[in-house]
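Observations on chain architecture
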Amino acid sequence: MRHYYSLFTIPPVVRGEEDLYNLYCGSAGFLPPTCFNWHCPKLHLSPYFPRFHLSYFPSLPELWLVLMGTVLDAATKDANGSLLTDKKVTVVFVLGGPGSGKGTQCANIVEHYGYTHLSAGDLLRAEIKSGSENGTMIQNMIKEGKIVPSEVTIKLLQRAMNESGNDKFLIDGFPRNEENRAAFELVTGMEPTFVLFFDCLEEEMERRLLSRNQGREDDNIETIRKRFRVYMESSLPVIEYYNSKGKVRKIDAAKPVEEVFEAVKEVFAPSNAEVMHYRNFLCSIL
Ligand SMILES: Nc1ncnc2c1ncn2[C@@H]1O[C@H](COP(=O)(O)OP(=O)(O)O)[C@@H](O)[C@H]1O
Ligand SMILES: Nc1ccn([C@H]2C[C@H](O)[C@@H](COP(=O)(O)OP(=O)(O)O)O2)c(=O)n1
């Protein structure tokens, strides 16, 4: 007797007791994708990296089952159909040190390329302002330059993505550590199309942060130094991880804003010369 099992990831957003979850599975390889739906009322599982094992498929002995989507939160299926899992979603992670210009360039990208900009830091600051139960914890962590637990940030990102109605996202300042990265992929089942990396020297970033003047509690020299340390120790390894997968598009962010944006444009809409280069390359190998 053969035993098959699949691993399912359940998103941490469990909205109320009456939720129904549709588990979308499919067959892989030689068989066309097939959809099997299980409706599982009231799953009471840990919101942190929950896993749900389906361990035996007696009626499907020849299928190697893989997860095609993740579990869908039926409560988010709103009238205007903004459910992300129904669409092909493009995610670009925007990474770089504090003050490297991520937010500044994201504003330009939004204007030119129709992305929705989601800044993890902005979402966390809005959560503090909203008076949520996590507010004090988030505020203390930001003041110390520390990284807020992934489940908090991911929940905010997921909510913002669902509410946006868009299917193209610039996720700015996330993932900031390995835990952020792994948790996002596990929970959402999404991987970035590419990672935009703003590379800038610490002295320049420090100068910019000290004159940012947005009234941010963490833009003081003591917290800035802590943020730089966290960036070096925790965020750079994430960039290295994506670099090893060929996904990093590195931009020299020490230049003036306009020049940096010229380089960004080359990533989002490669110039004709570059397109021709790739076309010629493809022709030569075909
Ligand atoms: N290329 C640049 N040259 C000089 N100043 C910049 C540049 N890009 C951004 N800034 C300024 O530096 C500060 C930090 O930029 P910001 O976009 O908020 O960085 P991040 O989102 O990476 O923390 C802001 O005051 C911004 O106006
Ligand atoms: N993924 C994230 C992003 C930001 N944070 C917290 C910790 C960061 O120091 C602050 C500020 O982040 P933000 O991206 O707004 O700003 P900087 O890039 O540091 O200038 O938010 C987090 O805990 N987890």
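Computed from a predicted structure; not experimentally measured.

This part takes up the side chain of aspartate 218. With respect to the secondary-structure elements, aspartate 218 resides in the loop between helix H6 (202-210) and helix H7 (221-244). A distance of 3.0 Å separates polar atoms of two side chains, one belonging to aspartate 218 and the other to arginine 216.

Cross-referencing UniProt, the feature "binding site: ATP" (unreviewed entry) maps to Gly99, Ser100, Gly101, Lys102, Gly103, Thr104, Arg212 and Lys255 in the present numbering. Tracing the backbone through its elements, the reader meets lysine 102 in helix H1 (residues 102-113). For lysine 102, a relative accessible area of 8% translates into the label buried. If we skip the residues at most four places from it in the chain, lysine 102 touches Val94, Leu95, Gly96, Gly97, Asp172, Gly173 and Phe198. A polar contact is formed between the side chain of lysine 102 and the backbone oxygen of glycine 96, at a distance of 3.2 Å. As for its placement among the helices and strands, threonine 104 is situated in helix H1. What makes threonine 104 partly exposed here is its relative accessible area of 42%.

Time to look at the site of ligand 2. Near ligand 2 there are 19 residues, and of these Lys102, Arg125, Val148, Arg176 and Arg227 occur at the shortest range. Arginine 176 has a polar side-chain atom sitting 2.8 Å from an oxygen atom of ligand 2. Between arginine 212 and ligand 2, the recorded distance is 3.2 Å, taken from a side-chain N or O atom to an oxygen atom. Calculation on ligand 2 without its partners gives an accessible area of 510 Å², and the protein chains cover 97% of this total. Take the shell around ligand 2: its biggest share by element is 4 residues, from helix H2 (residues 120-129). Per-class residue counts for the shell around ligand 2 are 7 nonpolar, 4 polar and 8 charged.

Further remarks concern the environment of valine 148. Locating valine 148 in the fold gives a position in the loop between helix H3 (135-143) and helix H4 (150-164). The class for valine 148 is buried, based on a relative accessible area of 4%. The residues contacting valine 148, other than those within four sequence positions of it, are Leu124, Met137, Ile138, Met141, Thr153 and Asn180.

Residues with a pLDDT of 70 or more make up 69% of the protein chain, whose mean pLDDT is 77. Of the regions scoring below 50 in pLDDT, residues 1-83 engages in 146 contacts with residues more than four places distant in sequence or in other chains. Predicted complex metrics record ipTM = 0.99 and pTM = 0.74.

So, about the site of ligand 1. Lining the immediate surroundings of ligand 1 are 14 residues, of which Lys102, Gly103, Thr104, Arg212 and Lys255 lie closest. In this structure, a nitrogen atom belonging to ligand 1 sits 3.4 Å away from a main-chain N or O atom of valine 257. Relative to its unbound accessible area of 560 Å², ligand 1 is 76% covered by the protein chains. Those elements that place two or more of their residues in the shell around ligand 1 are H1 and helix H8 (257-268). The residue makeup of the shell around ligand 1, split by class, is 4 nonpolar, 6 polar and 4 charged.

Conventions used here
Residues numbered from 1 in each chain as written. Chains lettered and ligands numbered in written order. Predicted model: local features only at pLDDT ≥ 70, side-chain atom pairs only at ≥ 80, totals over all residues. Heavy atoms only, no water. Helix = DSSP H or I, 4+ residues; strand = E, 2+ residues; numbered from the N terminus. Polar contact = N/O pair within 3.5 Å; in protein donor to acceptor, adjacent residues only side chain to side chain. UniProt positions renumbered as here; feature names shortened; annotations may be inferred. Buried < 20%, exposed > 50% of the residue type's maximum accessible area, 1.4 Å probe, protein only. Contact = heavy atoms within 4.5 Å. Near = heavy atom within 4 Å. Areas by Shrake-Rupley, 256 points an atom, 1.4 Å probe, with all protein chains shown as cover. Nonpolar A, V, L, I, M, F, W, Y, C, P; charged D, E, K, R; others polar. pLDDT = per-residue confidence, 0-100.

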